[in-house]
Amino acid sequence: MKKYLVIGNPIEHSLSPKLHNYWIKKKNINAVYDKKLVNEEDIESVISEIKNEKINGINVTLPFKKLVIPFMDELSSEAKESQSVNTIYLQNGKVIGHNTDISGFELGVKYSKYDVKNKIVFILGAGGVVSSIIIALKKMGAAKIIISNRTKNKSEDLKKIFKELEIIEWGNTPNFDMVINATSIGLKNEDGIKLDYNVVGLGKFFYDVIYNPRETIFLKRAKLFGNKTENGKMMFIYQAHQAFTIWHKSMPEIDEETKNLLD
Ligand code: ATR
């Protein structure tokens, strides 16, 4: 039986096992997908299990997407560019680090029928997933990307990689067409985002990477002000879909039941 894992810390709330095991069962594959709580010092030994084929694939979540990189034999171009790995597998005896968050975000935004081309996009947060979001936005033809993070030097680190980024102070509201909450604010139904809605205007696109809760205060308020909203559910499903397809060489279906699994 093949074995797959998602590693992170914390990990108990990860819905990846639910999604992958659903597809595994549906496709009659002899495999199991578990979650494993790891600390930084455990990473090397967990990844060595890929090499000896005791584990056949690993998904990596916070806060290890960058930390796993030194243990990879090769990085895909997406992983290299984003310096972020969320999917690991063995290919020709080599441990490959890949990133499916980039296409996950791109497909998630397209699913909501929003066209990023020539739009001004404002990103809140500078955590692990933001480099993937920036790459996807550039690919989709965003005109300008503005970023704001409570800890400014993290935005500055991103600007070293993505020179075209514009950094603004945390709490300021620039002119934008689309705003993305990539902070963890909202996970606990708290309200730490200070957007000036008089400046925002009407009919903008509010996107939250968070999908549990389904509607954060950020999205609720955006709706009240008459904006279009979307949560991170489809991004999550698409990144898993791509990892599954790579590992099992078989593309699962994203049907209503799949989507309902995460509600
Ligand atoms: P990591 O930073 O380890 O990659 P993350 O969950 O991907 O973790 O990122 C958390 C993001 O949410 C960060 O941008 C963080 O801001 P800091 O860099 O200043 O820590 C942001 N964040 C979390 N709680 C916040 C809060 N109460 N106010 C503002 N930003 C917050």
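Data block above holds the structure.
Rules used throughout
Residues numbered from 1 in each chain as written. Predicted model: local features only at pLDDT ≥ 70, side-chain atom pairs only at ≥ 80, totals over all residues. Heavy atoms only, no water. Pairing = 2+ DSSP bridges. Helix = DSSP H or I, 4+ residues; strand = E, 2+ residues; numbered from the N terminus. Salt bridge = Lys/Arg side-chain N within 4 Å of Asp/Glu carboxyl O. Expected span 1.5 Å × (residues − 1). Buried < 20%, exposed > 50% of the residue type's maximum accessible area, 1.4 Å probe, protein only. Right-handed = clockwise from strand over helix to strand, strands pointing away. Near = heavy atom within 4 Å. Polar contact = N/O pair within 3.5 Å; in protein donor to acceptor, adjacent residues only side chain to side chain. Areas by Shrake-Rupley, 256 points an atom, 1.4 Å probe, with all protein chains shown as cover. Nonpolar A, V, L, I, M, F, W, Y, C, P; charged D, E, K, R; others polar. 1 Å grid on protein atoms, 1.4 Å probe; cavity = no way out; pocket = protein on both sides within 12 Å on 5 of 7 lines; lining within 4 Å. Points joined across faces, edges and corners; volume = space filled by probe spheres on them. Contact = heavy atoms within 4.5 Å.

S.K.: Would you mind showing me how to read the sheet that holds strand E7 (residues 120–124) here?
M.R.: Sheet strands associate in pairs through backbone hydrogen bonding, adopting either a parallel or an antiparallel arrangement. If you walk across this open sheet you meet the six strands as E9-E8-E7-E10-E11-E12, and the pairing is parallel. Bordering the open sheet on either side are strand E9 (166–167) and strand E12 (228–230), each of which pairs with just one other strand. Where strand E8 (residues 144–148) and E9 come together, two bridges link them in parallel fashion. For Ile146, the partnering residue across the bridge sits in E9 and is Glu166.

S.K.: Could you clarify how one ought to interpret the pattern of salt bridges in this entry?
M.R.: The full count for this structure, using the stated rule, is 14 salt bridges. A salt bridge links Asp263 to Lys233, with the nearest nitrogen and oxygen atoms 3.1 Å apart. Here Lys233 lies in helix H9 (residues 233–248) and Asp263 lies in the segment after helix H10 (256–261), a separation of 30 residues in the sequence. Here the salt bridges share partners, and the residues they tie into one network are Glu106, Lys110 and Lys139.

S.K.: Help me understand H9 in this model?
M.R.: Across its 16 residues, H9 extends 22 Å between first and last C-alpha, which sits within 8% of the 22 Å expected from 1.5 Å per residue. Counting buried positions along H9 yields 13 of 16 residues, so the element is predominantly enclosed.

S.K.: Please explain the pairing of strand E2 (residues 31–37) as it appears in this structure.
M.R.: Each regular strand displays side chains that alternate between the two surfaces of the sheet. Across seven bridges, strand E1 (residues 2–8) lies against E2 in parallel orientation. Residue pairing across strands places Lys3 opposite Val32, the latter belonging to E2. Running through helix H1 (residues 16–26), the crossover from E1 to the neighbouring parallel element E2 is right-handed.

S.K.: Just checking my understanding: could you explain the pairing of strand E3 (residues 57–60) for this structure?
M.R.: The alternating pattern of E3 places Gly57 and Asn59 on one face and Ile58 and Val60 on the opposite face, and all of these are buried. Judged from the four bridges that link them, E1 and E3 form a sheet pairing that is parallel. Bridge assignment links Ile7 to a residue of E3, and that residue is Val60. Relative to strand E5 (residues 87–91), E3 runs antiparallel, the two sharing three bridges. Counterpart to Gly57 in the pairing with E5 is Tyr89.

S.K.: I keep staring at the site of the ligand and nothing clicks. Help me out?
M.R.: Contacts to the ligand come from 13 residues, most closely from Gly128, Asn149, Arg150, Thr151 and Lys154. Between Asn149 and the ligand, the recorded distance is 2.6 Å, taken from a side-chain N or O atom to an oxygen atom. Protein contact buries 74% of the 620 Å² of open area that the ligand shows by itself. Residue composition of the shell around the ligand, by class: four nonpolar, seven polar and two charged.

S.K.: How should I be thinking about empty space enclosed by the protein in this particular structure?
M.R.: Where empty space is left can be seen by rolling a probe of water-molecule size over the atoms. Tallied over the full model, the rule gives one cavity of 30 Å³ or more. Element by element, the count of residues in the lining of the largest cavity is highest for helix H8 (residues 217–224), at three residues. Among the residues forming the lining of the largest cavity, the class breakdown is six nonpolar, two polar and three charged.

S.K.: Before we go on, may I ask you to explain the side chain of Ser131 in this structure?
M.R.: Assignment of secondary structure puts Ser131 in helix H5 (residues 130–139). Judged by relative accessible area, which is 6%, Ser131 ranks as buried. Engagement of the side chain of Ser131 in a polar contact is seen with the backbone oxygen of Ser82, the distance being 2.8 Å. Apart from the residues within four sequence positions on either side, Ser131 is in contact with Ser82, Ser84, Leu158 and Phe162.

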